[in-house]
Amino acid sequence: GSTPSATPAHGTHTGHGKTAHVAAVTAPFAVRMPIPPVQQPIASVANTDFYVVSTRKAQAEILPGTRTEVLTYDGHFPGPTFRVKTGRLAVIAHSNHLDMPTAVHVHGGHTPSSSDGFPTDVLDPGKSRIYSYPNKQRAATLWYHDHAHHMEAEHVFRGLAGFFLIDDPAQAELRLPAGNYDIPIMLRDARFADDASLIFEHDDFQFRNTILVNGKPQPYFQVAARKYRLRFVNASNLRTFTLRLGNDAEVTQIASDGGLLAGPTPIRSWSLTPGERIEIVVDFSAFPVGSQVFLDDAVAGPVLRFDVNRAAADTSRVPDRLSTIPALPTATKERAFTLNFNPSTGQFLINGQQFDAERVDTEIKRNTTEVWTVTNGDTLFGIPHNFHPHLVQFRVLARNGQPPAPGEAGVKDTISVGPGETVRLQATFGPYLGRYVYHCHMIDHSASGMMAQMKIVP
Ligand code: C2O
Ligand code: CU
């Protein structure tokens, strides 16, 4: 088939794998940050765009001068970006050229159950299947990734993730920075062997110390002295990023997981747990042409360098009102969920149970509104978790009894729940029927059971 043969990366660097790895680590800001290519439809009719994607192994140059075998959507690491429009159906034919099952999930998508990538509803090796996305939701930075039962953590780690961006006319009218000034940035950590191959071990949070930005370690990115819209996703399995610009400049948060905030929110730092997105506008005209602006993580240090290398005209703006966040409907049901790790069995649990694809944990009447209280019970070992339900996006009512911070007051689908914390969420479950999962998005945790099943019923 179209699967390239897996040449071991050290085949071309016999005996010098270590040197190559060290060179990569010691030469920061030597590679340009790429922007994942936008996937083009193979056909478009009235209200539908058709795409094809093949999931296959490929060799990627991640660490300069080396080759790493990765799992890809269409050969790209990270995967190609889908740019779709609200209300236009995207029909994507996925074919699986791996020797393992896959399941494709659009994270944050209001997707019918049959296309949502339920963990056991897999695409078998050598097979194809059609996923359909109605995109009946507002503009937002979503992403897509693998969700195959027990394999999702390794598959995502090895590369099966990409952006899925929804645009709508209301957003276009705002005249936010667009086109070449609208940049998706996927952040994640990784662990490499001396021969540049990826090492995946479950729960390996100590050793995944190479940070990749759109698939490259410590890249640079040349920008004009004008406003940019930067869309971040944290695609790490376990790592939380706490970011700021190196000079502590103020930036403007404009969106969270589910799209635009009500209004622009000035921030100096921002945290992203795995699966979360944030959009900020940075005005690089505040820096002289020739300056370097670092994106710093509180733990990993500088992960990306912006090189302000030219002047540019800028007719974009950030209006005082960005969107209308709908009023909260009345909730008719309350539920409580506790996330915890059982140290004696090594199991990750929700309400004391591991995921079972045959067991419905939560039955929900379609189009009803519920309040969910999610608690991280892992105070003893201080294990961080977060929480992500499929199908819906939610509003945060409270974090530890306090109203949410402005950056969390918009539309969300993934929320940090630190050790001992309690977060109250409200969501309206619909319009689709069927089974969906909710889980911790520290994906090694969900792959080891910290996931449960909800069924939307008439
Ligand atoms: Cu990123 Cu189950 O999702
Ligand atoms: Cu967790």
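The model shown is predicted, which means the values in this text are computed figures rather than measured ones.

Before going further, it helps to spend a moment on the overall build of the chain. Helix and strand counts for the chain come out as four helices and 31 strands. Relative to the 2.2 N^0.38 estimate, which gives 23 Å for 458 residues, the radius of gyration of the chain is 21 Å and therefore close to what a compact globule would have. Across the 458 residues of the chain, 57% fall into the buried class. For the chain, the proportion of contacts with a sequence separation of at least 24, taken over those separated by at least 6, is 76%.

Now for the layout of surface pockets. To find leftover empty space, a probe the size of one water molecule is rolled over the atoms. In this structure, the largest pocket encloses a volume near 500 Å³. Lining of the largest pocket is provided by 21 residues; of these, His110, Pro326, Gln393, Val411 and Thr428 occupy positions nearest its centre. Ranked by residue count, the leading element in the lining of the largest pocket is strand S29 (residues 422-429), at three residues. Grouping the amino acids of the lining of the largest pocket by side-chain chemistry returns eleven nonpolar, eight polar and two charged. Built from parts of two domains, the lining of the largest pocket gets at least three residues from each of domain 1 (9-168) and domain 3 (333-457). There is about 360 Å³ of room inside the second largest pocket. Looking at the second largest pocket, it is lined by 18 residues, and the ones nearest its centre are Phe205, Leu238, Ile383, Pro384 and His445. For the lining of the second largest pocket, the residue count by class is seven nonpolar, six polar and five charged.

Let's shift gears to the nonpolar core. Membership of the largest hydrophobic core comes to 32 residues, with the highest contact counts inside it found for Ile185, Phe232 and Phe306. Not counting chain neighbours up to four residues away, the residues in contact with Ile185 comprise Met33, Phe163, Val213, Asn214, Leu230, Arg231, Phe232, Val233, Leu304 and Phe306. In this structure, Phe337, Leu339, Val374 and Tyr432 belong to the second largest nonpolar core, which totals 30 residues.

Our next topic: the coordination of the copper ion (ligand 2). Each protein donor to the copper ion (ligand 2) is listed here as His385 (ND1), Cys440 (SG) and His445 (ND1); together their distances run 2.0 to 2.2 Å. Each donor residue of the copper ion (ligand 2) belongs to the same chain, with the gaps between them written as H-x54-C-x4-H. Note that His385 is positioned in strand S26 (residues 385-389) and Cys440 in the loop between strand S30 (434-439) and helix H4 (443-447), a separation of 55 residues in sequence. Considered together, His385 and Cys440 belong to a single accessibility category, that of buried residues.

It is worth spelling out the side chain of Arg277 at this point. Considering the arrangement of structural elements, one finds Arg277 in strand S19 (residues 277-283). Note on Arg277: relative accessible area 1%, which makes it buried. Side chain to side chain, Arg277 and His107 meet in a polar contact 3.2 Å long. A polar contact of 2.7 Å, which involves the side chain of Arg277, links it to the side chain of Asp413.

Conventions used here
Residues numbered from 1 in each chain as written. Chains lettered and ligands numbered in written order. Predicted model: local features only at pLDDT ≥ 70, side-chain atom pairs only at ≥ 80, totals over all residues. Heavy atoms only, no water. Helix = DSSP H or I, 4+ residues; strand = E, 2+ residues; numbered from the N terminus. Rg over C-alpha atoms; globule rule 2.2 N^0.38 Å. Buried < 20%, exposed > 50% of the residue type's maximum accessible area, 1.4 Å probe, protein only. Contact = heavy atoms within 4.5 Å. 1 Å grid on protein atoms, 1.4 Å probe; cavity = no way out; pocket = protein on both sides within 12 Å on 5 of 7 lines; lining within 4 Å. Points joined across faces, edges and corners; volume = space filled by probe spheres on them. Nonpolar A, V, L, I, M, F, W, Y, C, P; charged D, E, K, R; others polar. Domains from an automatic or database assignment. Core = buried A, V, L, I, M, F, W, Y, C linked by side-chain atoms within 4.5 Å. Donors = N, O, S within 2.8 Å, 3.2 Å for Na, K, Ca; no water. Polar contact = N/O pair within 3.5 Å; in protein donor to acceptor, adjacent residues only side chain to side chain.

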